[in-house]
Amino acid sequence: MSGKYNVAVVGATGAVGEEIFRVMEELNFPIGELLPLASAKSVGTSITFKGKDYPVVELTDTVFEENEVDIAFFSAGGSISEKFAKYAVEGGAVVIDNTSHFRMEPNIPLVVPEVNPEDINLWRETGIIANPNCSTIQMVQALKPLDELYGIKRVDVSTYQATSGAGKKGMEELVKQMQDFFAFKLDETQKEAFAHQIALNVIPHIDVFQENGFTKEEMKMVNETQKIMKKQIAVAATCVRVPVLRSHSESITIRFEDGVDVDVDAVRSALDNFENVEVADDTANNIYPMPIMSTDTDITFVGRIRKDIYEPNVVHLFNAADQVRVGAATNAVRIGLKWIALQNEEL
């Protein structure tokens, strides 16, 4: 392969698709040809990348035969990935999939490049690399260095997930409901993206409830964490939608192996030295992770780090990350860059 790669983005006009273009430009992704793909209704529009306009092309069964594609980013929903990813692979592309469809397939790697980059090498079996759930990504970035430090037995996490996790319609619904509130029309407001009013409210319900009482979103965090970390860490999650436009936050309690006596300074150091993680933990000056801090960045911020007051092997912390970037687009682009680096190592 040359130093340039032909890239397709499926779901080019969606929130994550648009962010993939931004991140690729910022990280100087080595692009040869660029192919924005979307449904027929988006044909006639274009995306701008590095000052050049690229017309949106309809995603079809044959588009990967008709265009030479090396890397295909999929971010248009699980049903689209299920139907069309195979055509991209058959056409010679590696698929980096942002949906949940392939994540738990045993022969498909589930990758957070800072945590398990070695798993990218497994891509040849199916031609597909899966991108984890947004909440899982920012959590395992904090868990990995601490597991290496002390060994993790259990994680209890509560998430505070922004409306952008439900796509553009989620953000638009929050904005519209706030407008209705100030116009004294909140009783008339539409509730379509979420089960309840999201403005001035929090909803402890993301995705569908399972027989065990947890939601599908919560079980994603359980199962994906174990697959990525290659360890049967006990995880219990409560996922909550909050009236924030962008960036998820998480309150995490970590129980280490028996006999561990947590050194908070060692925890801070391990986190701050981990790739793409930054400690923001100066409570004397009111510095701690918040959505407004992490929005439009590629950093996972961690703070409120404190040792449990009852058990010496337990630590509590809080994190925040832009889930459109860190939790989706940036993670996918980082996978692509690592994949390219691995190909070049083999030449």
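Everything numeric in this text was worked out from a predicted model, so none of it was measured. (Residues numbered from 1 in each chain as written. Predicted model: local features only at pLDDT ≥ 70, side-chain atom pairs only at ≥ 80, totals over all residues. Heavy atoms only, no water.)

Peer 1: Explain the environment of Pro113 to me, please; I cannot follow it from the model alone.
Peer 2: Looking at the secondary structure, you find Pro113 in the loop between strand E7 (94-97) and strand E8 (128-130). Pro113 sits in the buried class, given a relative accessible area of 3%. Spatially, the C-alpha atoms of Pro113 and Gly17 are 19 Å apart, while their sequence positions differ by 96 residues. (Helix = DSSP H or I, 4+ residues; strand = E, 2+ residues; numbered from the N terminus. Buried < 20%, exposed > 50% of the residue type's maximum accessible area, 1.4 Å probe, protein only.)

Peer 1: Would you mind showing me how to read the pattern of salt bridges here?
Peer 2: Enumeration over the complete set of coordinates arrives at 25 salt bridges. Its salt-bridge partner being Arg246, residue Asp322 comes within 2.8 Å of it at the nearest N-O pair. Placement of Asp322 in the loop between strand E14 (314-321) and helix H9 (325-346) and of Arg246 in the loop between strand E10 (234-241) and strand E11 (248-256) is noted, with a sequence separation of 76 residues between them. You can call Asp322 buried: its relative accessible area is 0%. Ionic pairing is found between Asp281 and Arg268, a salt bridge with its closest N-O pair at 2.8 Å. Of this pair, Asp281 sits in the loop between strand E12 (277-279) and helix H8 (291-294) while Arg268 sits in helix H7 (residues 264-272), and the two are 13 residues apart along the sequence. Using a relative accessible area of 18% as the deciding quantity, one classes Asp281 as buried. (Salt bridge = Lys/Arg side-chain N within 4 Å of Asp/Glu carboxyl O.)

Peer 1: Would you take a moment to explain the environment of Val326 for this structure?
Peer 2: Here Val326 shows up in helix H9. With 189 residues separating them in the primary sequence, Val326 and Ile137 have C-alpha atoms 7.5 Å apart. Setting aside residues no more than four positions away along its own chain, Val326 makes contact with Ile137, Gln141, Thr297, Asp298, Ile299, Thr300, Ala321 and Asn331. (Contact = heavy atoms within 4.5 Å.)

Peer 1: Help me out: how do you make sense of the pairing of strand E13 (residues 300-307) in this one?
Peer 2: Moving residue by residue along a regular strand, the side chains alternate between the two faces of the sheet. As paired elements, E12 and E13 share three bridges and run parallel to each other. Across the sheet, the residue bridging to Glu278 is Phe301, located in E13. By the bridge criterion, five bridges tie E13 to E14 in an arrangement that is antiparallel. Paired with Lys307 across the bridge in E14 is Val315. Linkage of E13 to E14, two consecutive antiparallel strands, is achieved through a turn of six residues. (Pairing = 2+ DSSP bridges.)

Peer 1: Would you explain helix H6 (residues 216-229) in this entry?
Peer 2: Every α-helical turn comprises 3.6 residues, leaving residues that sit three or four positions apart pointing alike. An ideal rise of 1.5 Å per residue puts 20 Å on 14 residues; H6 measures up with 20 Å between its terminal C-alpha atoms. Within H6, eleven of the 14 residues are buried, which leaves it mostly tucked inside the rest of the structure. Of the residues making up H6, those classed as buried are Glu217, Glu218, Lys220, Met221, Val222, Glu224, Thr225, Gln226, Lys227, Ile228 and Met229. The elements touched by buried residues of H6 are helix H4 (134-149), strand E9 (152-161), E10 and E11. Downstream of H6 by a residue or two, Lys230 has a phi angle that is positive, lying close to 55°. (Expected span 1.5 Å × (residues − 1).)

Peer 1: Help me understand the sheet that holds E14, please; the structure alone is not making it clear to me.
Peer 2: The strands that make up a sheet pair up through hydrogen bonds in the backbone, lying either parallel or antiparallel. In space, the six strands of this open sheet follow the order E10-E9-E11-E14-E13-E12, with mixed pairing throughout. Single-partner strands in this sheet number two, and they are E10 and E12. Taking the axes of each pair of neighbouring strands and ignoring which way they run, one obtains an average angle of 20° across the sheet. As paired strands, E9 and E10 are joined by eight bridges and run parallel to one another. What sits directly across from Gln161, in E10, is Arg241. Its contacts with the sheet place H4 against E9, E10, E11, E12, E13 and E14, and it is angled at close to 35° to E11. Running over the sheet, H7 touches E12, E13 and E14 and is turned about 170° from E13. (Axes fitted to C-alpha atoms, helices over the stretch in contact; angles between N-to-C directions.)

Peer 1: Got a minute to help me understand the sheet that holds E8 in this structure?
Peer 2: An order of E5-E2-E1-E6-E7-E8 is seen for the six strands of this open sheet, with the pairing classed as parallel. Edge strands, defined here as strands with exactly one partner in the open sheet, are strand E5 (57-58) and E8. Bridge analysis of strand E6 (residues 71-74) against E7 gives four bridges, and the strand direction is parallel. When the sheet's bridge partners are listed, Ile71 is paired in E7 with Val94. Lying on the sheet, helix H3 (residues 78-90) is in contact with strand E1 (5-10), E6, E7 and E8; it crosses E6 at an angle near 180°.

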